[in-house]
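Understanding the architecture of this molecule
Single-letter residue listing:
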Amino acid sequence: MFNRSLSGKWIHGVALQLLALLNACAPLAMAETVYQSREEFLSEAFDGSPPASSTIELNDVLRRDAAKALGHTPFGQRVRYWQAGKRSVWILDEIGKTKPITTGIIVENGQIKDVRILIYRESHGSEVRHDFFTDQFADASLNEQNRLDKSIDGISGATLSVQAIRKLAAFALLLDRARTK
Amino acid sequence: MASGKRNRALADFSYRWHRRIGVCAAAPLLIVALTGILLNHPQRLGLDSIHVTRAGILDWYGFTPQSAPVALHQENHWLVLIDDSLFLDGQLLDDAATVPVGFISLGSVAVIATRRSLYLFDGISQQLIERIGSEALPDGSIRALGIDEGRLQLDTSAGAFSAPIDASSFRAEQRSALPIAQTTSELPNDVRAKALAAWRSDKLSLEKVVRDIHTGALFGSVGVVLVDVAAIAMLLLMLSGLYTWSKRR
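If you're wondering where the values come from, they're calculated on a predicted model, not measured in any experiment.

Along its length, chain A carries five helices and six strands. The N-to-C order of helical and strand elements in chain A reads α-β-α-β-α-β-β-β-β-α-α. Going through the 181 residues of chain A one by one, you find that 43% of them count as buried. Sequence separation of at least 24 residues holds for 56% of the intrachain contacts in chain A that already meet a minimum separation of 6. As presented, chain A carries roughly 9,900 Å² of accessible surface, and 53% of it is formed by carbon and sulfur atoms.

Further remarks concern the interface of chain A and chain B. The figure often quoted for interface size is the accessible area lost as the parts come together. Each partner contributes to the interface: chain A provides 23 residues, whereas chain B provides 26 residues. For the chain A face of the interface with chain B, the top three residues by lost area are A:Gln77, A:Arg78 and A:Arg80, together amounting to 30%. Taken together, the connections running from chain A to chain B amount to five salt bridges. Here A:Lys99 ties to B:Asp84 by a salt bridge, and the two come within 2.8 Å at their closest N and O atoms. In this structure, the connection of chain A to chain B is made through 13 residue pairs in polar contact (both at pLDDT 80 or more). If you list the elements that add at least two residues to the side of chain A that touches chain B, you get helix H1 (4-29), helix H2 (38-45), strand E2 (53-57), strand E3 (78-84), strand E4 (87-95) and helix H5 (159-180) of chain A.

All names here are of chain A. Phi at Asp47 takes a positive value of approximately 50 degrees, unusual for a residue other than glycine. With respect to the element layout, Asp47 can be found in the loop between H2 and E2. Here Asp47 falls in the exposed class, since its relative accessible area comes to 75%. Not every positive phi belongs to a glycine, and Asp139 is a case in point at roughly 70 degrees. Its place among the elements puts Asp139 in the loop between helix H4 (131-134) and H5.

A few words on the confidence of the model for chain A. Residue and element names in this part refer to chain A. Across chain A, the average pLDDT comes to 86, with 83% of residues at 70 or higher. Looking at the elements of chain A, mean pLDDT is at its lowest for H1, recorded as 45, and at its highest for strand E6 (residues 111-120), recorded as 97. pLDDT under 50 marks residues 12-30. Its contacts with residues more than four places away, or in other chains, come to seven contacts.

All names here are of chain B. Counting across every chain of the model gives five aromatic pairs over all chains. Ring geometry for Phe13 versus Trp17: centroids 6.4 Å apart, planes at 55 degrees, classification tilted. With a gap of four residues between them, Phe13 and Trp17 both fall in helix H1 (residues 2-39), about one helical turn apart. Residue Phe13 is classed as partly exposed on the basis of its relative accessible area of 43%. The side chain of Arg20 reaches across the aromatic face of Trp17, ending 4.8 Å from its centre.

Definitions and cut-offs
- Residues numbered from 1 in each chain as written.
- Chains lettered and ligands numbered in written order.
- Predicted model: local features only at pLDDT ≥ 70, side-chain atom pairs only at ≥ 80, totals over all residues.
- Heavy atoms only, no water.
- Helix = DSSP H or I, 4+ residues; strand = E, 2+ residues; numbered from the N terminus.
- Buried < 20%, exposed > 50% of the residue type's maximum accessible area, 1.4 Å probe, protein only.
- Contact = heavy atoms within 4.5 Å.
- Areas by Shrake-Rupley, 256 points an atom, 1.4 Å probe, with all protein chains shown as cover.
- Buried area = accessible area lost by both parts, 1.4 Å probe.
- Salt bridge = Lys/Arg side-chain N within 4 Å of Asp/Glu carboxyl O.
- Polar contact = N/O pair within 3.5 Å; in protein donor to acceptor, adjacent residues only side chain to side chain.
- pLDDT = per-residue confidence, 0-100.
- Phe/Tyr/Trp six-rings, centres within 6.5 Å; stacked < 30°, edge-to-face > 60°.
- Lys NZ or Arg CZ within 6 Å of the ring centre and 35° of its normal.

What follows is the structure, given as C-alpha coordinates:
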(Lines give C-alpha, C1' and ligand atoms only; values in the text may rest on other atoms or scores of the structure.)
Protein backbone atom coordinates (compact mmCIF):
# COMPACT_ATOMS: atom_id res chain seq x y z
CA MET A 1 0.00 0.00 0.00
CA PHE A 2 1.15 3.57 -0.62
CA ASN A 3 2.73 5.04 2.54
CA ARG A 4 2.27 8.82 2.40
CA SER A 5 4.64 9.72 5.24
CA LEU A 6 7.55 7.66 3.86
CA SER A 7 7.06 8.84 0.26
CA GLY A 8 6.96 12.47 1.39
CA LYS A 9 10.23 12.06 3.27
CA TRP A 10 11.73 10.24 0.29
CA ILE A 11 10.85 13.06 -2.09
CA HIS A 12 12.21 15.66 0.29
CA GLY A 13 15.38 13.66 0.81
CA VAL A 14 15.98 13.28 -2.91
CA ALA A 15 15.41 17.01 -3.41
CA LEU A 16 17.96 17.84 -0.70
CA GLN A 17 20.51 15.48 -2.20
CA LEU A 18 20.08 17.06 -5.61
CA LEU A 19 20.54 20.50 -4.10
CA ALA A 20 23.69 19.36 -2.31
CA LEU A 21 25.02 17.84 -5.52
CA LEU A 22 24.43 21.10 -7.39
CA ASN A 23 26.22 23.06 -4.67
CA ALA A 24 29.12 20.61 -4.73
CA CYS A 25 29.44 21.11 -8.46
CA ALA A 26 29.52 24.91 -8.15
CA PRO A 27 33.26 25.24 -7.27
CA LEU A 28 34.18 23.05 -10.27
CA ALA A 29 32.05 25.22 -12.53
CA MET A 30 34.00 28.34 -11.43
CA ALA A 31 37.38 27.24 -12.92
CA GLU A 32 39.03 29.48 -15.49
CA THR A 33 38.73 28.39 -19.11
CA VAL A 34 41.40 29.50 -21.55
CA TYR A 35 39.99 29.50 -25.09
CA GLN A 36 43.10 31.05 -26.57
CA SER A 37 46.26 32.27 -24.90
CA ARG A 38 47.10 35.93 -25.13
CA GLU A 39 50.31 35.06 -26.98
CA GLU A 40 48.48 32.96 -29.56
CA PHE A 41 45.95 35.72 -30.13
CA LEU A 42 48.68 38.30 -30.72
CA SER A 43 50.51 35.97 -33.06
CA GLU A 44 47.34 35.35 -35.03
CA ALA A 45 46.47 39.06 -35.13
CA PHE A 46 49.85 39.93 -36.68
CA ASP A 47 50.35 36.89 -38.92
CA GLY A 48 52.87 35.27 -36.63
CA SER A 49 55.02 38.38 -36.02
CA PRO A 50 53.58 40.49 -33.24
CA PRO A 51 55.37 43.81 -32.74
CA ALA A 52 56.77 45.05 -29.45
CA SER A 53 54.12 46.46 -27.17
CA SER A 54 53.49 50.14 -26.56
CA THR A 55 51.57 51.91 -23.84
CA ILE A 56 49.04 54.72 -23.84
CA GLU A 57 48.54 56.90 -20.78
CA LEU A 58 45.00 57.47 -19.58
CA ASN A 59 44.92 61.26 -19.41
CA ASP A 60 41.99 63.08 -17.81
CA VAL A 61 39.90 63.27 -20.98
CA LEU A 62 40.49 59.67 -21.97
CA ARG A 63 39.89 58.49 -18.42
CA ARG A 64 36.60 60.40 -18.31
CA ASP A 65 35.44 59.02 -21.65
CA ALA A 66 36.56 55.53 -20.67
CA ALA A 67 34.68 55.77 -17.37
CA LYS A 68 31.48 56.55 -19.29
CA ALA A 69 32.06 53.62 -21.64
CA LEU A 70 32.91 51.16 -18.88
CA GLY A 71 30.57 52.42 -16.19
CA HIS A 72 33.54 52.73 -13.81
CA THR A 73 36.96 54.30 -13.64
CA PRO A 74 39.37 52.23 -15.73
CA PHE A 75 41.85 50.12 -13.82
CA GLY A 76 45.38 51.45 -14.05
CA GLN A 77 46.98 54.60 -15.36
CA ARG A 78 48.03 53.23 -18.71
CA VAL A 79 47.08 50.48 -21.12
CA ARG A 80 49.35 48.30 -23.18
CA TYR A 81 48.71 47.61 -26.85
CA TRP A 82 50.33 46.27 -29.99
CA GLN A 83 50.30 48.13 -33.26
CA ALA A 84 51.45 47.58 -36.81
CA GLY A 85 50.34 49.89 -39.60
CA LYS A 86 46.73 50.87 -39.03
CA ARG A 87 45.99 47.82 -36.94
CA SER A 88 46.01 47.97 -33.16
CA VAL A 89 45.38 45.07 -30.84
CA TRP A 90 44.15 45.37 -27.27
CA ILE A 91 43.93 42.71 -24.58
CA LEU A 92 41.53 43.96 -21.94
CA ASP A 93 39.75 42.65 -18.87
CA GLU A 94 36.28 43.50 -17.65
CA ILE A 95 34.24 41.97 -14.85
CA GLY A 96 31.23 39.99 -16.05
CA LYS A 97 29.39 39.10 -12.88
CA THR A 98 32.22 38.57 -10.41
CA LYS A 99 35.34 37.64 -12.39
CA PRO A 100 37.20 39.35 -15.24
CA ILE A 101 36.72 38.22 -18.82
CA THR A 102 39.99 38.54 -20.75
CA THR A 103 39.17 39.72 -24.26
CA GLY A 104 41.30 40.39 -27.31
CA ILE A 105 40.10 43.14 -29.66
CA ILE A 106 41.53 44.05 -33.06
CA VAL A 107 40.89 47.58 -34.31
CA GLU A 108 41.73 48.82 -37.79
CA ASN A 109 40.92 52.22 -39.29
CA GLY A 110 38.76 53.04 -36.30
CA GLN A 111 36.61 49.94 -36.70
CA ILE A 112 36.57 46.68 -34.85
CA LYS A 113 37.85 43.81 -36.93
CA ASP A 114 37.65 41.01 -34.40
CA VAL A 115 36.61 40.34 -30.84
CA ARG A 116 37.90 37.17 -29.19
CA ILE A 117 37.14 35.85 -25.73
CA LEU A 118 40.51 34.59 -24.51
CA ILE A 119 39.88 33.61 -20.89
CA TYR A 120 36.47 33.09 -19.25
CA ARG A 121 36.27 32.72 -15.46
CA GLU A 122 32.56 32.73 -14.60
CA SER A 123 30.30 29.75 -14.11
CA HIS A 124 27.66 31.00 -16.55
CA GLY A 125 27.55 33.14 -19.65
CA SER A 126 30.42 31.70 -21.66
CA GLU A 127 28.20 31.72 -24.73
CA VAL A 128 29.75 35.11 -25.49
CA ARG A 129 32.80 33.27 -26.83
CA HIS A 130 30.90 32.00 -29.86
CA ASP A 131 31.20 33.59 -33.29
CA PHE A 132 27.45 34.21 -33.48
CA PHE A 133 27.93 36.80 -30.74
CA THR A 134 31.40 38.23 -31.42
CA ASP A 135 30.81 38.56 -35.18
CA GLN A 136 28.25 41.26 -34.38
CA PHE A 137 31.08 43.63 -33.48
CA ALA A 138 32.66 43.48 -36.93
CA ASP A 139 33.04 46.96 -38.47
CA ALA A 140 31.61 48.63 -35.36
CA SER A 141 32.94 52.09 -34.59
CA LEU A 142 32.10 54.89 -32.20
CA ASN A 143 29.29 57.37 -32.77
CA GLU A 144 29.27 60.97 -31.60
CA GLN A 145 28.24 59.90 -28.11
CA ASN A 146 31.25 57.55 -27.91
CA ARG A 147 28.97 54.53 -28.04
CA LEU A 148 29.07 51.63 -30.46
CA ASP A 149 27.32 52.54 -33.67
CA LYS A 150 25.94 49.01 -34.03
CA SER A 151 23.25 47.28 -32.03
CA ILE A 152 24.59 44.14 -30.37
CA ASP A 153 22.04 41.45 -29.58
CA GLY A 154 22.24 39.98 -26.11
CA ILE A 155 22.27 36.35 -25.04
CA SER A 156 19.69 35.06 -22.60
CA GLY A 157 21.43 34.01 -19.39
CA ALA A 158 24.62 35.91 -20.25
CA THR A 159 23.47 39.49 -19.81
CA LEU A 160 26.38 40.64 -17.68
CA SER A 161 28.96 38.97 -19.89
CA VAL A 162 27.39 40.57 -22.96
CA GLN A 163 27.49 43.98 -21.28
CA ALA A 164 31.14 43.47 -20.34
CA ILE A 165 32.14 42.69 -23.93
CA ARG A 166 30.16 45.66 -25.25
CA LYS A 167 31.97 47.93 -22.80
CA LEU A 168 35.36 46.56 -23.78
CA ALA A 169 34.61 47.06 -27.47
CA ALA A 170 33.80 50.72 -26.88
CA PHE A 171 36.84 51.10 -24.62
CA ALA A 172 39.16 49.61 -27.25
CA LEU A 173 37.81 52.02 -29.89
CA LEU A 174 38.33 54.95 -27.52
CA LEU A 175 41.88 53.86 -26.83
CA ASP A 176 42.61 53.41 -30.52
CA ARG A 177 41.23 56.85 -31.32
CA ALA A 178 43.36 58.40 -28.58
CA ARG A 179 46.37 56.49 -29.85
CA THR A 180 46.02 57.95 -33.34
CA LYS A 181 45.58 61.56 -32.20
CA MET B 1 -32.58 20.92 1.24
CA ALA B 2 -30.03 18.52 2.71
CA SER B 3 -27.64 19.27 -0.12
CA GLY B 4 -28.15 22.99 0.45
CA LYS B 5 -27.20 22.63 4.10
CA ARG B 6 -24.20 20.56 3.14
CA ASN B 7 -23.05 23.15 0.59
CA ARG B 8 -23.45 25.92 3.12
CA ALA B 9 -21.51 23.91 5.70
CA LEU B 10 -18.76 23.30 3.19
CA ALA B 11 -18.69 26.98 2.25
CA ASP B 12 -18.45 27.97 5.91
CA PHE B 13 -15.72 25.37 6.44
CA SER B 14 -13.84 26.70 3.42
CA TYR B 15 -14.23 30.28 4.61
CA ARG B 16 -13.00 29.49 8.12
CA TRP B 17 -9.92 27.70 6.84
CA HIS B 18 -9.36 30.43 4.27
CA ARG B 19 -9.13 32.91 7.16
CA ARG B 20 -6.93 30.67 9.27
CA ILE B 21 -4.53 29.89 6.45
CA GLY B 22 -4.51 33.56 5.43
CA VAL B 23 -3.58 34.72 8.91
CA CYS B 24 -0.90 32.07 9.39
CA ALA B 25 0.63 32.50 5.95
CA ALA B 26 0.38 36.31 5.79
CA ALA B 27 3.92 37.04 7.00
CA PRO B 28 5.85 34.54 4.86
CA LEU B 29 3.70 35.32 1.80
CA LEU B 30 4.35 39.03 2.26
CA ILE B 31 8.11 38.36 2.36
CA VAL B 32 7.97 36.10 -0.70
CA ALA B 33 5.89 38.68 -2.60
CA LEU B 34 8.12 41.64 -1.75
CA THR B 35 11.36 39.79 -2.50
CA GLY B 36 9.81 38.51 -5.72
CA ILE B 37 9.12 42.07 -6.86
CA LEU B 38 12.72 43.05 -6.06
CA LEU B 39 14.06 40.03 -7.95
CA ASN B 40 12.12 41.05 -11.03
CA HIS B 41 14.25 44.20 -11.34
CA PRO B 42 17.72 43.34 -10.04
CA GLN B 43 19.73 45.52 -12.40
CA ARG B 44 17.43 48.51 -12.25
CA LEU B 45 17.61 48.42 -8.46
CA GLY B 46 21.32 47.70 -8.53
CA LEU B 47 20.93 44.58 -6.41
CA ASP B 48 23.68 42.80 -8.30
CA SER B 49 26.17 45.61 -7.77
CA ILE B 50 25.51 46.24 -4.08
CA HIS B 51 27.62 43.98 -1.91
CA VAL B 52 26.91 43.00 1.66
CA THR B 53 29.73 43.81 4.05
CA ARG B 54 28.12 43.06 7.40
CA ALA B 55 30.34 40.54 9.14
CA GLY B 56 27.39 38.70 10.68
CA ILE B 57 25.77 37.95 7.32
CA LEU B 58 29.11 37.06 5.71
CA ASP B 59 29.85 34.73 8.63
CA TRP B 60 26.40 33.17 8.21
CA TYR B 61 27.23 32.41 4.59
CA GLY B 62 30.57 31.02 5.67
CA PHE B 63 32.77 32.84 3.20
CA THR B 64 36.21 31.50 3.90
CA PRO B 65 39.15 31.26 1.51
CA GLN B 66 39.82 27.89 -0.02
CA SER B 67 43.54 28.17 0.68
CA ALA B 68 45.77 29.91 3.20
CA PRO B 69 46.74 33.51 2.34
CA VAL B 70 50.20 34.06 0.83
CA ALA B 71 51.94 37.28 1.81
CA LEU B 72 55.04 39.27 0.97
CA HIS B 73 55.99 42.48 2.66
CA GLN B 74 58.19 45.42 1.92
CA GLU B 75 58.85 47.80 4.82
CA ASN B 76 55.37 48.36 6.23
CA HIS B 77 53.48 47.43 3.05
CA TRP B 78 51.78 44.09 2.70
CA LEU B 79 51.02 42.16 -0.44
CA VAL B 80 48.48 39.41 0.24
CA LEU B 81 47.05 36.77 -2.10
CA ILE B 82 43.76 35.23 -0.94
CA ASP B 83 42.67 32.49 -3.36
CA ASP B 84 43.07 34.42 -6.65
CA SER B 85 42.60 37.94 -5.31
CA LEU B 86 45.74 40.03 -4.81
CA PHE B 87 45.70 42.93 -2.38
CA LEU B 88 48.27 45.59 -1.61
CA ASP B 89 47.65 47.14 1.81
CA GLY B 90 44.03 46.05 1.52
CA GLN B 91 43.52 47.48 -1.97
CA LEU B 92 42.59 45.04 -4.71
CA LEU B 93 45.19 44.80 -7.47
CA ASP B 94 43.83 41.84 -9.37
CA ASP B 95 41.11 39.26 -8.82
CA ALA B 96 42.55 36.69 -11.21
CA ALA B 97 46.09 36.63 -9.83
CA THR B 98 48.62 33.88 -9.26
CA VAL B 99 51.16 33.41 -6.48
CA PRO B 100 53.30 36.51 -5.77
CA VAL B 101 57.02 35.91 -6.10
CA GLY B 102 58.50 39.38 -5.74
CA PHE B 103 57.71 42.75 -4.23
CA ILE B 104 60.20 45.60 -4.45
CA SER B 105 60.01 49.35 -3.99
CA LEU B 106 61.71 51.84 -6.28
CA GLY B 107 61.15 55.26 -4.80
CA SER B 108 57.41 55.83 -4.93
CA VAL B 109 56.76 52.92 -7.29
CA ALA B 110 56.19 49.38 -6.12
CA VAL B 111 56.87 46.55 -8.55
CA ILE B 112 55.11 43.30 -7.86
CA ALA B 113 55.64 40.04 -9.67
CA THR B 114 53.42 37.01 -9.69
CA ARG B 115 54.22 33.93 -11.71
CA ARG B 116 52.62 35.37 -14.86
CA SER B 117 52.14 39.08 -14.29
CA LEU B 118 53.90 42.26 -13.24
CA TYR B 119 52.16 45.09 -11.43
CA LEU B 120 53.42 48.64 -11.24
CA PHE B 121 51.86 50.57 -8.39
CA ASP B 122 52.18 54.30 -7.69
CA GLY B 123 52.61 54.71 -3.97
CA ILE B 124 51.92 58.45 -4.09
CA SER B 125 48.56 58.33 -5.84
CA GLN B 126 47.86 54.88 -4.39
CA GLN B 127 46.84 53.70 -7.81
CA LEU B 128 47.80 50.87 -10.07
CA ILE B 129 49.91 52.15 -12.95
CA GLU B 130 49.69 49.02 -15.05
CA ARG B 131 49.15 45.31 -14.88
CA ILE B 132 51.44 43.61 -17.41
CA GLY B 133 50.16 40.22 -18.45
CA SER B 134 52.00 37.24 -19.81
CA GLU B 135 51.59 38.46 -23.41
CA ALA B 136 54.00 41.34 -22.71
CA LEU B 137 56.45 39.41 -20.53
CA PRO B 138 59.26 37.06 -21.44
CA ASP B 139 58.37 33.41 -21.85
CA GLY B 140 58.24 31.20 -18.82
CA SER B 141 56.89 31.81 -15.36
CA ILE B 142 58.55 34.36 -13.11
CA ARG B 143 60.48 32.88 -10.19
CA ALA B 144 62.07 35.96 -8.65
CA LEU B 145 62.22 39.73 -9.02
CA GLY B 146 65.12 42.03 -8.22
CA ILE B 147 66.74 45.33 -9.12
CA ASP B 148 70.28 45.91 -10.30
CA GLU B 149 71.91 48.92 -11.90
CA GLY B 150 68.58 50.69 -12.12
CA ARG B 151 66.92 47.88 -14.08
CA LEU B 152 64.36 45.30 -13.08
CA GLN B 153 65.80 41.81 -13.02
CA LEU B 154 63.59 38.80 -13.61
CA ASP B 155 64.50 35.21 -13.05
CA THR B 156 62.08 33.11 -15.09
CA SER B 157 61.83 29.46 -16.00
CA ALA B 158 63.04 30.51 -19.48
CA GLY B 159 66.10 32.38 -18.24
CA ALA B 160 67.13 35.78 -16.88
CA PHE B 161 65.74 39.04 -18.23
CA SER B 162 66.03 42.71 -17.41
CA ALA B 163 63.81 45.70 -18.12
CA PRO B 164 63.69 49.41 -17.42
CA ILE B 165 61.67 50.43 -14.41
CA ASP B 166 58.54 50.97 -16.49
CA ALA B 167 58.82 47.40 -17.81
CA SER B 168 58.36 48.68 -21.34
CA SER B 169 60.65 46.09 -22.88
CA PHE B 170 62.66 43.07 -21.83
CA ARG B 171 66.02 41.75 -22.88
CA ALA B 172 67.66 38.46 -22.12
CA GLU B 173 70.58 38.55 -19.75
CA GLN B 174 73.41 36.20 -19.13
CA ARG B 175 73.50 36.53 -15.39
CA SER B 176 75.38 34.49 -12.92
CA ALA B 177 73.73 36.12 -9.94
CA LEU B 178 69.97 35.86 -10.26
CA PRO B 179 67.47 37.63 -8.03
CA ILE B 180 66.66 35.61 -5.00
CA ALA B 181 63.05 34.63 -4.56
CA GLN B 182 61.40 36.33 -1.62
CA THR B 183 60.14 34.08 1.09
CA THR B 184 56.55 34.45 2.11
CA SER B 185 55.88 36.31 5.31
CA GLU B 186 53.91 35.40 8.37
CA LEU B 187 50.80 37.59 8.40
CA PRO B 188 50.18 39.71 11.49
CA ASN B 189 46.62 39.34 12.74
CA ASP B 190 45.60 42.90 11.91
CA VAL B 191 46.94 42.63 8.35
CA ARG B 192 45.23 39.26 7.90
CA ALA B 193 41.93 40.68 9.18
CA LYS B 194 42.16 43.69 6.86
CA ALA B 195 42.96 41.52 3.85
CA LEU B 196 40.15 39.08 4.66
CA ALA B 197 37.70 41.93 5.06
CA ALA B 198 38.75 43.30 1.66
CA TRP B 199 38.45 39.81 0.15
CA ARG B 200 34.96 39.30 1.53
CA SER B 201 33.76 42.79 0.60
CA ASP B 202 32.58 41.77 -2.88
CA LYS B 203 31.68 38.15 -2.31
CA LEU B 204 28.01 38.50 -1.49
CA SER B 205 25.66 40.53 -3.63
CA LEU B 206 22.44 41.89 -2.23
CA GLU B 207 20.66 40.08 -5.05
CA LYS B 208 21.80 36.74 -3.72
CA VAL B 209 20.64 37.56 -0.20
CA VAL B 210 17.23 38.66 -1.49
CA ARG B 211 16.99 35.51 -3.60
CA ASP B 212 17.89 33.32 -0.65
CA ILE B 213 15.23 35.02 1.45
CA HIS B 214 12.74 34.52 -1.39
CA THR B 215 13.46 30.81 -1.66
CA GLY B 216 14.05 30.25 2.07
CA ALA B 217 17.58 29.02 1.36
CA LEU B 218 18.95 31.65 3.75
CA PHE B 219 17.87 29.33 6.55
CA GLY B 220 18.89 26.10 4.91
CA SER B 221 16.55 23.23 4.18
CA VAL B 222 14.19 24.30 6.96
CA GLY B 223 13.72 27.67 5.30
CA VAL B 224 13.16 26.05 1.91
CA VAL B 225 10.48 23.78 3.38
CA LEU B 226 8.79 26.76 5.05
CA VAL B 227 8.62 28.62 1.75
CA ASP B 228 7.24 25.48 0.11
CA VAL B 229 4.56 25.38 2.81
CA ALA B 230 3.79 29.07 2.21
CA ALA B 231 3.44 28.37 -1.52
CA ILE B 232 1.06 25.48 -0.79
CA ALA B 233 -0.84 27.78 1.56
CA MET B 234 -1.18 30.27 -1.30
CA LEU B 235 -2.66 27.53 -3.48
CA LEU B 236 -5.10 26.56 -0.74
CA LEU B 237 -6.07 30.21 -0.27
CA MET B 238 -6.79 30.47 -3.97
CA LEU B 239 -8.86 27.28 -4.03
CA SER B 240 -10.74 28.04 -0.83
CA GLY B 241 -11.30 31.61 -1.86
CA LEU B 242 -12.72 30.59 -5.25
CA TYR B 243 -14.88 27.94 -3.64
CA THR B 244 -16.23 30.27 -0.95
CA TRP B 245 -16.91 32.96 -3.52
CA SER B 246 -18.73 30.53 -5.83
CA LYS B 247 -20.96 29.26 -3.03
CA ARG B 248 -21.78 32.63 -1.58
CA ARG B 249 -22.82 34.24 -4.84
